[in-house]
Amino acid sequence: MTLTEPAAVPAFPFDTEERRALREAVGALGRRYGAGYLRERARKGESSDELWHEAGRLGYLGVSLPEEYGGGGGGIADLVVVLEELATAGCPLLLLVVTPAICGSIIARFGTEQQKRRHLPGFADGTVRMAFGITEPDAGSNSHRITTTARRDGADWILNGRKVFISAVDTCDSVMVVARTEDARTGKLKPALFIVPRETPGFEYRAIPMEIVSPERQFQLFFDEVRLPADALVGDEDAALLQLFAGLNPERIMVAAFATGIARYALDKAVDYAKSRVVFKDPIGAHQGLAHPLAQCRIELELARLMMQKAALLNDSGDDVGAGEAANMAKYAAAEAAVHSVDQAVQTLGGNGLTEEYGLGALITVSRVTRVAPVSREMILNYVAQHTLGLPKSY
Ligand SMILES: Cc1cc2nc3c(=O)[nH]c(=O)nc-3n(C[C@H](O)[C@H](O)[C@H](O)COP(=O)(O)OP(=O)(O)OC[C@H]3O[C@@H](n4cnc5c(N)ncnc54)[C@H](O)[C@@H]3O)c2cc1C
């Protein structure tokens, strides 16, 4: 039995009957497309639109969004299942982390009625996509240093600045941009969120050549005197950090789902291969030199999944602080599980680990991304050292 078969997913209260059914249905969709689909699209520089749109039509992209705006009325715990199962089937759709999880969560919680009606139904059925941009070239992990600035001009906003490594902008209708506004009373800059349609004059984007086999490309963004209407601002100008974390916790939890799915995919391939490949007298999986590292990977994977599920449930219960700590830990653990599992899978397959046919080589960089983004391993260790352990801040 392999991990991709639904019955191999360990029974745990997280999987309600509904979530188990969702897991099975999404897994079946992912297996119908298979890993070859995404790799082929990525290598040709094409999008994975068919899978995105089909997942939208089937209601999978909108599981976490409110029912009154076309969603399934569930939470991030349900969206985690969707991404984990697609990734396990070889179809890790990165934009699931962005459009429904970050942008959808923020708009559903803090958007105006009009913003909810304008964006959420399209997010849910897959017809509207939104990217998310916080990272800047001169700020990197230190988002307190972002300089993209919005100033008022009558009722409008004028946006200036730059972003880097923003995913899938070319396939999105708009970008949710983290910028700073000037506080009218103190003159200090504070973060605020703006929705910028892709075709807005003054907004340009340029692809960054990356060594990642994925249909979702990364972009540099340039905002030069971009004029936005008053309702481009999402939520309250004064509650930006709270609003931001309403999106960043789901983002980390969803990257954990992306990573655990990749780990499951890689382990599946490795275990199947180790059972059948014979070079001396027994299958190579009989050698403890291969069996033990695979067993370690499976343990790391299950621990990461548990923390991801805890983080998702905390998030959906409205405990943003508890979810923040768990989401960081889950992202850390899942990224490590993905990097180790992919590496060990490549080793298990020997030369075949690096052939296109088995698709593991391409996952080396994809899994490595999860250690860097959306928040690096080191920044999570900083967070846990400071906030969980109460150690002095070192930077
Ligand atoms: C494929 C991909 C997709 C992405 N998609 C998006 C997106 O859609 N939207 C978006 O906004 N961003 C996106 N990012 C950006 C991503 O979030 C950043 O790359 C990440 O936050 C790290 O920032 P940086 O690359 O500037 O690295 P830096 O901040 O320059 O860090 C470089 C290294 O220094 C370490 N470091 C820095 N400060 C400390 C410290 N105090 N203590 C210890 N170590 C430290 C870091 O951990 C890292 O290892 C994406 C990145 C990638 C690779």
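Tallying secondary structure elements over the chain gives ten helices and eight strands in all. On C-alpha atoms alone, the chain measures out to a radius of gyration of 21 Å, which is about the 21 Å that the 2.2 N^0.38 rule sets for 395 residues. C-alpha atoms of the chain, sized along the principal axes, occupy 80 × 50 × 40 Å. For the chain, the residues scored as buried account for 47% of the 395 residues in total. Put simply, 72% of the contacts in the chain that link residues at least 6 apart link residues at least 24 apart.

Here we take up the site of the ligand. Near the ligand there are 22 residues, and of these Thr135, Gly140, Ser141, Ser376 and Glu378 occur at the shortest range. Looking at the shell around the ligand, the elements with two or more residues in it are β1 (130–133), β3 (156–167), α9 (361–372) and α10 (377–388). Across the shell around the ligand, the residue classes tally to 13 nonpolar, eight polar and one charged. The two domains that each donate at least three residues to the shell around the ligand are domain 2 (132–237) and domain 3 (241–388).

Turning next to the environment of Leu294. Counting through the fold element by element, Leu294 comes out in helix α7 (residues 288–316). Each C-alpha atom of the pair Leu294 and Ser143 lies 37 Å from the other, and the pair is 151 residues apart in sequence. When residues no more than four places from it in sequence are discounted, the contact partners of Leu294 are Leu267, Ala270, Val271, Ala274, Gln344 and Thr348.

Here we come to helix α3 (residues 76–88). Over its 13 residues, α3 extends 18 Å from the first C-alpha to the last, a length consistent with the 18 Å expected when each residue adds 1.5 Å. Of all 13 residues that make up α3, 13 are buried, and the element is covered over most of its length. Gly90 occupies a position one or two residues after α3 and carries a positive phi of about 95°.

Bringing the nonpolar core into the picture now. One recurring pattern in soluble globular proteins is that nonpolar side chains are buried together. Phe194 and Ala330 are the most contacted members of the largest nonpolar core, which totals 122 residues. A per-element tally of this core places helix α6 (residues 240–276) first, with 18 residues.

To continue, consider the packing of α7 against helix α8 (residues 320–349). Contact geometry for α7 and α8: axes closest at 8 Å, N-to-C directions at 155°. Classified by the angle between their axes, α7 and α8 sit roughly antiparallel to one another. In the packing of α7 onto α8, the handedness of the crossing is left-handed. Grouping the amino acids of the contact of α7 with α8 by side-chain chemistry returns 19 nonpolar, six polar and three charged.

Relative to the helices and strands, Ser214 resides in the loop between β6 (203–208) and β7 (218–228). Each C-alpha atom of the pair Ser214 and Leu363 lies 9.4 Å from the other, and the pair is 149 residues apart in sequence. Other than its neighbours up to four places away in sequence, Ser214 contacts Ala42, Leu94 and Val366.

With that settled, the discussion passes to the domain arrangement of the chain. Taken as a whole, the chain is organised into domain 1 (6–129), domain 2 (132–237) and domain 3 (241–388). One C-alpha centre belongs to domain 1, the other to domain 3; they are set 19 Å apart. For the side of domain 1 that touches domain 3, the secondary structure elements donating two or more residues are α1 (17–43), α3 and α4 (95–110). With ten residues, α3 is the single largest residue contributor to the side of domain 1 that touches domain 3. The residue makeup of the side of domain 1 that touches domain 3, split by class, is 19 nonpolar, four polar and four charged.

The subject of this paragraph is the confidence of the model for the chain. Counting all residues, the mean pLDDT for the chain is 94, and 95% of those residues have values of 70 or more. A low-confidence stretch, residues 1–7 stays under pLDDT 50, and its non-local contacts, those more than four residues away or across chains, total 18 contacts.

A few words on the pairing of strand β4 (residues 174–182). On a regular strand, one side chain projects to one face of the sheet and the next to the other, so that they alternate. Counting buried residues along β4, seven of its nine residues qualify, which places the element largely inside the surrounding structure. The sheet contact formed by β1 and β4 spans four bridges and is parallel. For Met130, the partnering residue across the bridge sits in β4 and is Ser174. Relative to β4, strand β2 (residues 149–153) runs parallel, the two being bridged by two bridges. If you follow Ala150 over to β4, its bridge partner there is Thr181.

What follows covers α9. Those residues of α9 not exposed but buried are Ala362, Leu363, Val366, Ser367, Val369 and Thr370. Considered in projection along α9, the buried side chains sweep an arc of 140° and stay on one side of the axis.

The rules behind these values
- Residues numbered from 1 in each chain as written.
- Predicted model: local features only at pLDDT ≥ 70, side-chain atom pairs only at ≥ 80, totals over all residues.
- Helix = DSSP H or I, 4+ residues; strand = E, 2+ residues; numbered from the N terminus.
- Rg over C-alpha atoms; globule rule 2.2 N^0.38 Å.
- Buried ≥ 20, exposed ≤ 12 C-beta atoms within 10 Å, placed from the backbone.
- Contact = placed C-beta atoms within 7 Å.
- Near = placed C-beta within 6 Å.
- Nonpolar A, V, L, I, M, F, W, Y, C, P; charged D, E, K, R; others polar.
- Domains from an automatic or database assignment.
- Expected span 1.5 Å × (residues − 1).
- Core = buried A, V, L, I, M, F, W, Y, C linked by C-beta atoms within 7 Å.
- Axes fitted to C-alpha atoms, helices over the stretch in contact; angles between N-to-C directions.
- Parallel < 35°, antiparallel > 145°, perpendicular 65-115°, else oblique.
- Left-handed = near helix turned anticlockwise from the far one by under 90°.
- pLDDT = per-residue confidence, 0-100.
- Pairing = 2+ DSSP bridges.
- Arc of directions from axis to C-beta.

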